[in-house]
2 protein chains.
Amino acid sequence: MKNYSKQREAILTVLRETDTHPTANWIYEQVREIIPNISLGTVYRNLSELSRNGDIISLNVGDGFEHFDYDTTPHAHLHCKECGCIHDARLECDPLAELSKKMGFMPDTTIYVAYGICQNCKTTN
Amino acid sequence: MKNYSKQREAILTVLRETDTHPTANWIYEQVREIIPNISLGTVYRNLSELSRNGDIISLNVGDGFEHFDYDTTPHAHLHCKECGCIHDARLECDPLAELSKKMGFMPDTTIYVAYGICQNCKTTN
DNA sequence: AATAAAATAGTAATCATTACTGATTTGGGT
DNA sequence: ACCCAAATCAGTAATGATTACTATTTTATT
């Protein structure tokens, strides 16, 4: 990631301007409206490098897809088993990081995910 | 899961008797020592049904494999990025469940995973 | 403009997991 | 004990998200 590329720029723009937690394929579909002949492999490669670099977050909620998040500040995620949406939640503490250290484990990141039914699905059904 | 099967019995035995958080393939290899001609598909199907049934836990730490845990009591996981091991940690609170409810989200399960370097890898390298 | 490194498009390969099919096993009723 | 329908299985083929590969294009520097 030494050189600029308009593809990476467009990927970051798409990711910045959504409040969802999209998959690589969703991002691909969106970026194609900016760069119609962009390759899916390019999207995957850039997302993977950006994530390794700490510029974005990669999130796995066990639905078979990797999800990406432009927001790298610490926050938890609420994953709806009904509609698949992922919402953010701000915890003001990180008890697992503290417990980890006490146990001699050096945590880089802690991930908090709640699985359940979101407000929208609860009222709709 | 209405009928008994010695395959499912063996899968549960293997899972009960390890303190690791094995993948389907690892379980398959172990069960083959009890039932040499068991099918990998049988292992996957049983793990998936047991997990859907709440008898075991399925855990995804983003390493490309699904992991399984015989212990269904609430606990957090520490995943070492170096050796890939997963250790248990007992949190005495569940702040995400509480926050979720306040936000109108009905959580079934909350998952806590810390990513970092385990004590063993830290001292070895 | 010339050059080397980096990035890309397009396509092929990987591989964990799931689906399918015909045979075997289980359990309840007789 | 035997029958039968439902459940489960072994073995194999298919799926599909992700990664790898290659020839070409773009970027940054001189």
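Residues numbered from 1 in each chain as written. Chains lettered and ligands numbered in written order. Predicted model: local features only at pLDDT ≥ 70, side-chain atom pairs only at ≥ 80, totals over all residues. Heavy atoms only, no water.

Things to note about the relation of the copies chain A and chain B
Of the two same-sequence chains, chain A is brought onto chain B (RMSD 0.0 Å, axial shift 0.0 Å) by a rotation of 180 degrees. Viewed as a symmetry operation, the transformation between the two copies matches a two-fold axis. Closest approach to the rotation axis within chain A is made by the C-alpha atom of tyrosine 112 of chain A, at a distance of 2.4 Å. Most of the interface of chain A is mirrored in chain B, where 100% of its interface residues again form contacts. (Least-squares fit on C-alpha atoms with pLDDT ≥ 70 in both. Contact = heavy atoms within 4.5 Å.)

Comments concerning the packing of helix H1 (residues 6-16) of chain B against helix H2 (residues 24-31) of chain B
Residue and element names in this part refer to chain B. Interaxial distance between H1 and H2 falls to 10 Å at its minimum, and their mutual angle equals 110 degrees. On the basis of the axis angle, H1 is roughly perpendicular to H2. Residues Ala10, Ile11, Val14 and Leu15 of H1 touch H2, and the partners they reach there are Trp26, Ile27, Gln30 and Val31. In the contact of H1 with H2, the residues fall into 7 nonpolar, 1 polar and no charged. (Axes fitted to C-alpha atoms, helices over the stretch in contact; angles between N-to-C directions. Helix = DSSP H or I, 4+ residues; strand = E, 2+ residues; numbered from the N terminus. Parallel < 35°, antiparallel > 145°, perpendicular 65-115°, else oblique. Nonpolar A, V, L, I, M, F, W, Y, C, P; charged D, E, K, R; others polar.)

Here's the deal with the protein's contact with DNA strand C
Taken together, 18 residues surround DNA strand C, and among them Met1, Ser5, Thr42 and Arg45 of chain A together with Tyr44 of chain B come closest. Sugar plus phosphate: this is where 82% of the atoms of DNA strand C within 4 Å of the protein reside. Here a phosphate oxygen of DNA strand C and a side-chain polar atom of serine 5 of chain A are 2.7 Å apart. Arginine 8 of chain A places a side-chain nitrogen or oxygen 3.4 Å from a phosphate oxygen of DNA strand C. When residues of the surface near DNA strand C are traced back to their parent elements, those giving at least two are helix H1 (6-16) and helix H3 (40-52) of chain A. Among the elements that line the surface near DNA strand C, the one with the most residues is H3 of chain A, at 3 residues. Along the lines of polarity and charge, the residues of the surface near DNA strand C split into 5 nonpolar, 9 polar and 4 charged. (Near = heavy atom within 4 Å. Polar contact = N/O pair within 3.5 Å; in protein donor to acceptor, adjacent residues only side chain to side chain.)

A word on the nonpolar core
Of all hydrophobic cores here, the largest spans 26 residues; its most connected members are Leu96 and Tyr112 of chain A together with Leu96 and Tyr112 of chain B. Of all the elements in the fold, those that place two or more residues in this core are strand E3 (76-80), helix H4 (95-102) and strand E5 (106-117) of chain A together with strand E3 (76-80), helix H4 (95-102) and strand E5 (106-117) of chain B. If we skip the residues at most four places from it in the chain, tyrosine 112 of chain A touches Ala76, His77, Leu91, Asp94, Pro95, Leu96 and Ala97 of chain A together with Leu96, Ile111 and Tyr112 of chain B. (Core = buried A, V, L, I, M, F, W, Y, C linked by side-chain atoms within 4.5 Å. Buried < 20%, exposed > 50% of the residue type's maximum accessible area, 1.4 Å probe, protein only.)

Some thoughts on the protein's contact with DNA strand D
Around DNA strand D sit 18 residues, and of these Tyr44 and Glu66 of chain A together with Ser5, Thr42 and Arg45 of chain B come closest. Restricting the count to atoms of DNA strand D within 4 Å of the protein gives a sugar and phosphate share of 85%. At 2.2 Å from a phosphate oxygen of DNA strand D is found a side-chain nitrogen or oxygen belonging to arginine 45 of chain B. Elements with a minimum of two residues in the surface near DNA strand D: H1 and helix H3 (40-52) of chain B. Among the elements that take part in the surface near DNA strand D, H3 of chain B stands out by supplying 3 residues, more than any other.

Brief notes about the sheet that holds E5 of chain A
Strand-to-strand pairing in sheets goes through backbone hydrogen bonds, with the strands running parallel or antiparallel. Read across the sheet, 6 strands follow the order E4(A)-E3(A)-E5(A)-E5(B)-E3(B)-E4(B) without closing on themselves; strand pairing throughout is mixed. Two strands lie at the open edges of the sheet, namely strand E4 (86-89) of chain A together with strand E4 (86-89) of chain B, each paired on one side alone. Adjacent strand axes in the sheet meet at a mean angle of 25 degrees when their direction is disregarded. Bridge count between E5 of chain A and E5 of chain B: 11 bridges; the pairing is antiparallel. (Pairing = 2+ DSSP bridges.)

Considering the domain arrangement of chain A
Residue and element names in this part refer to chain A. In terms of domain boundaries, chain A breaks down into domain 1 (6-69) and domain 2 (75-124). Between domain 1 and domain 2, the C-alpha centre-to-centre distance is 21 Å. Taken together, the contact pairs 7 residues of domain 1 with 9 residues of domain 2. Summed over both sides, the interface between domain 1 and domain 2 buries roughly 670 Å², with carbon and sulfur atoms accounting for 65% of that surface. The largest share of the area that domain 1 buries against domain 2 comes from His21, Leu59 and Val61, three residues that together contribute 67% of it. For the pair domain 1 and domain 2, the interface holds 0 salt bridges. For the interface between domain 1 and domain 2, the tally reads 6 residue pairs in polar contact (both at pLDDT 80 or more). Its residues placed into classes, the side of domain 1 that touches domain 2 shows 2 nonpolar, 3 polar and 2 charged. (Domains from an automatic or database assignment. Buried area = accessible area lost by both parts, 1.4 Å probe. Salt bridge = Lys/Arg side-chain N within 4 Å of Asp/Glu carboxyl O.)

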